[in-house]
Amino acid sequence: MKKSLFLAASFAVAVFTTSCDNTAGNDTVASEAAVADNNAVQPIENPNVVSGTETAGPADANAPVITFQEQEYDFGTIKQGDVVNHTFKFTNTGKSPLIIESATASCGCTVPQPPTEPIAPGESSQIEVKFNSAGKMGQQYPTVTVRANTQPNIVKVSLKGNVETSSIPAAGADGPVRRN
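All residue numbers here refer to positions counted from 1 along the written sequence of the relevant chain. Residues qualify for local features only when their pLDDT is at least 70, as the model is predicted, and side-chain atom pairs are given and counted only at 80 or more; totals for whole chains, interfaces and linings, by contrast, use all residues. Think of the side-chain values as coming from all heavy atoms in the structure, minus any hydrogens and water.

Q: Can you walk me through the sheet that holds strand β6 (residues 124–132) in this structure?
A: Adjacent strands of a sheet pair through backbone hydrogen bonds, lying either parallel or antiparallel. For two strands to be treated as a pair, DSSP must find at least two bridges joining them. Helical segments are the DSSP runs of H or I of at least four residues, strand segments are the runs of E of at least two, and each set is numbered from the N terminus. Taken in spatial order, the 4 strands make up an open sheet running β1-β3-β6-β5, and their pairing is antiparallel. With one partner strand each, in any of the chains shown, β1 (66–68) and β5 (110–113) form the two edges of the open sheet. Between one strand axis and the next, the sheet turns by 30° as a mean value, whatever way the strands run. Judged from the 3 bridges that link them, β1 and strand β3 (residues 83–92) form a sheet pairing that is antiparallel. Its bridge partner lying in β3, F68 is registered against F90. All axes here are fitted lines through C-alpha atoms, helices being fitted over the stretch that makes contact, and every angle between N-to-C directions spans 0 to 180 degrees.

Q: Please clarify how the side chain of H86 should be interpreted in this entry.
A: Here H86 shows up in strand β3. Of note is the side chain of H86, whose polar atom sits 2.5 Å from the side chain of E70. Polar contacts, as used here, are pairs of N or O atoms within 3.5 Å; protein pairs need one atom able to donate a hydrogen and one able to accept it. Residues neighboring in sequence count only if both atoms are side-chain atoms.

Q: Explain the state of the cysteines here, please?
A: Put plainly, two cysteines are in a disulfide when a covalent bond ties their sulfur atoms together. To count as a disulfide, a pair of cysteine sulfur atoms needs to be within 2.5 Å. Across all of its chains, the model carries 1 disulfide by this definition. Through a disulfide, C107 is tied to C109; the S-S separation comes to 2.3 Å. Measuring handedness by torsion sign, the sulfur bridge of C107 and C109 sits at about -40° and is left-handed. Classification of C109 by relative accessible area gives buried; the value is 13%. Each residue is assigned to one of three classes by its accessible area relative to the maximum for its type, calculated with a 1.4 Å probe on protein chains only: buried under 20%, partly exposed between the two thresholds, exposed over 50%.

Q: Could you clarify how one ought to interpret the pattern of salt bridges in this entry?
A: One side-chain nitrogen of Lys or Arg within 4 Å of one carboxyl oxygen of Asp or Glu is enough to make a salt bridge. In the structure shown here, the tally under the stated rule is 2 salt bridges. A salt bridge links E72 to K160; its shortest N-O distance comes to 3.4 Å. Taken together, the positions of E72 in strand β2 (residues 72–79) and K160 in strand β9 (residues 154–164) put the pair 88 residues apart, joining distant regions of the chain. Residue K160 is classed as partly exposed on the basis of its relative accessible area, which comes to 30%.

In structure tokens, the structure reads:
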């Protein structure tokens, strides 16, 4: 089966390469330039990403806007196995109800709990985030991606801090064992 497929692909390539007209001369240079122009990198408009200088356009004047009190929480230094709970508070500063579609974490050690009800304009709500440091060590930076009906529709909040190994004494750490 593989040999038949390989043979058919080889035959197709052979037919394609022999059917090209290479006697055109200058036309080859022009067609190569056209191919180069088509392969040039062109920016792609992504409505989910807004640079720092852009604002919502006139069509988005009534869109909800999620404004967090803080987008990063530093939990400092904790022991391995500790659980950090933090509440990210936000306000809908837009002109229509804010609906959070999802809140997902960058790893399984972080669990976000977003509100399930729409947040009216001017109202506030919160996202509870729980970070479990079991099995973690060193600098940690878990993020939560919040997808909502805002413009842009993706916002990230994060926790950061340092996880130290827990000081569990090793076997025999109390000294030698006496035998009678």
